[in-house]
Amino acid sequence: MFRSFRGGIRFDTTNNEAKKAVIRRFSESEKLRISMDQGGGVCIPAVREGEYVLRGQCVGIPKTEEGLAVYSPVSGTVEKIEDGVHPLRGKCRYVVIRDDKQNAEYPPEPAEDVSALDGRQIMEIAHRASIPGPTQYSEPEYVRILKMVRNGVKTLVCGAVECEPYIGHSTRICAEYAEQVVQGLELMMRATYTKNAVIALSSGSEEAERALRGVLNARKRRDNPAKICISQVAAKYPAATRLKKIFATRDMRFGEKTIPAGVTSPFACLSLYRAVYEGKPVTEAIITVSGSGISRPNVFEVPIGTPLEDLLRRAIVSENTKSIIMGGIMSGVALDSWDYSVLRSNTAVLAMTEVAEYSRSNECIHCNQCGKVCPEGLSPSQICEYLMQNDIAEAEKLGLADCRLCGCCTYICPGRMELTEMLKEGKKAVCK
């Protein structure tokens, strides 16, 4: 079944080479600089300088019980523990490990009887394994599972919709790890107490769809009880953030009331499979390296802490690169330098040879193009007019709180107004 939603922007993704590339392992960096803020709370270093660590050993203990631990992705010696700049959070501590290339592993602890695990036990494993959410710096997966249980979701959606140019990691995970993704999704269903699940794909994902259908058909022949289907979603931005509403189900007890679907990701399903069946925490990220400044777009499975510069040079970055973006071109964050390392929650790094220029002046021509593409049905230009007049009350009446800061309005604006930034500042003003 093909699903869509109002608004949004369609990008030309027909030449997306990352979707067709085979996932490659990258472990060539001699030193890994592992941040103690990987998303899911700040951690305190659990090792000392000069200490030898194993792959999968905890090197960062969360300050709170709700936080996620940080694990070493390699074996080697801790060279230093230092303060540094975080790409998204200001400053944080780093543990620098020199990889000895021996890959000596900390003893894994797989589940003894997977079939006997209940929902809470699976959720606790997701917590211990430090599985991140589906997008950069979203809530940890175990927190999302807990919220799904509390909200009584009826449908669980594994979102593999690539709606931005250049991105291809979710498609490649489904294509190459189809069996593990399906088994991980079944574990997610048990953890969230849902009986139905959907794997949402976008157009251009034929290889992934064939692999997933092959696995699902084989499991049906073995009388597997889990109800999992595949559905295509319109390949327009921001489809990945609309899946809750696209697959919402009606609650028969309350008539018109709808219950949003629960959403997970292929990487989270793969990580949960590895945590349960193999006893391994998340020590690597699967990340798209692409963009107009990359000669060899690819998807890499890399140890967390890998220097971005090493990864970009492996993909042959152009000398004409003007900006490095962590994430997609619409939802990502522009970095001020290459001097950062891969985080557990990273999904993409883009090198771009062009930079868009925007204006903070009021050049609105009242074309309402921003209103046509807004997934929430708002009129961003009107809201911004009130914000520029410091009339927060009127901006709120027009739906400022409903804005998801997806960036569609800024992208489509013929006057190149920086609408998203103004909306972001308006939201901050409301929270003060």
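In case you missed it, the structure is sitting above this.
Anyway, here's the lowdown on the structure attached to this text. Owing to the predicted nature of the structure, the values given are computational and were not obtained by experimental measurement. (Residues numbered from 1 in each chain as written. Predicted model: local features only at pLDDT ≥ 70, side-chain atom pairs only at ≥ 80, totals over all residues. Heavy atoms only, no water.)

1. Focus on the overall build of the protein
For step 1, the next point in the chain: When helices and strands are counted, the protein shows 13 helices and 22 strands.
For step 2, the next point in the chain: The C-alpha atoms of the protein give a radius of gyration of 22 Å, which matches the 22 Å a tight globule of 432 residues would have.
For step 3, the next point in the chain: When each of the 432 residues of the protein is scored for burial, the buried share is 54%.
For step 4, the next point in the chain: Looking at the protein alone, contacts between residues at least 24 apart form 71% of all its contacts between residues at least 6 apart.
For step 5, the next point in the chain: Accessible surface, the protein as shown: approximately 20,100 Å² in total, 47% of it carbon and sulfur. (Helix = DSSP H or I, 4+ residues; strand = E, 2+ residues; numbered from the N terminus. Rg over C-alpha atoms; globule rule 2.2 N^0.38 Å. Buried < 20%, exposed > 50% of the residue type's maximum accessible area, 1.4 Å probe, protein only. Contact = heavy atoms within 4.5 Å. Areas by Shrake-Rupley, 256 points an atom, 1.4 Å probe, with all protein chains shown as cover.)

2. Quick notes on the pairing of strand β18 (residues 284-290)
For step 1, the next point in the chain: With seven of its seven residues buried, β18 lies for the most part within the structure.
For step 2, the next point in the chain: Because side chains alternate across β18, one face comprises the buried residues Glu-284, Ile-286, Thr-288 and Ser-290, and the other comprises Ala-285, Ile-287 and Val-289, equally buried.
For step 3, the next point in the chain: Note that β18 and strand β22 (residues 348-352) share three bridges and pair parallel. Among the inter-strand pairings, Thr-288 is bridged to a residue of β22, identified as Ala-348. (Pairing = 2+ DSSP bridges.)

3. Digging into the side chain of Thr-347
For step 1, the next point in the chain: Structurally, Thr-347 is set in the loop between β21 (333-335) and β22.
For step 2, the next point in the chain: Residue classification places Thr-347 among the buried positions, given a relative accessible area of 18%.
For step 3, the next point in the chain: Each residue touching Thr-347, except ones within four places of it in the same chain, is listed here: Pro-134, Gln-136, His-169, Ile-286, Ile-287 and Thr-288.

4. Some details on the packing of aromatic side chains
For step 1, the next point in the chain: In total, this model carries three aromatic pairs according to the counting rule given.
For step 2, the next point in the chain: On the numbers, 6.2 Å between centres and 75° between planes, the contact of Phe-26 with Phe-300 is edge-to-face. Here the residue Phe-26 occupies a position in the loop between β3 (24-25) and β4 (31-35), and Phe-300 occupies one in strand β19 (residues 298-303), the gap between them amounting to 274 residues. Phe-300 matches Phe-26 in its accessibility class, with the two residues each being buried.
For step 3, the next point in the chain: Note that Arg-274 overlies the ring of Tyr-177, its terminal NZ or CZ placed 5.2 Å from the centroid. (Phe/Tyr/Trp six-rings, centres within 6.5 Å; stacked < 30°, edge-to-face > 60°. Lys NZ or Arg CZ within 6 Å of the ring centre and 35° of its normal.)

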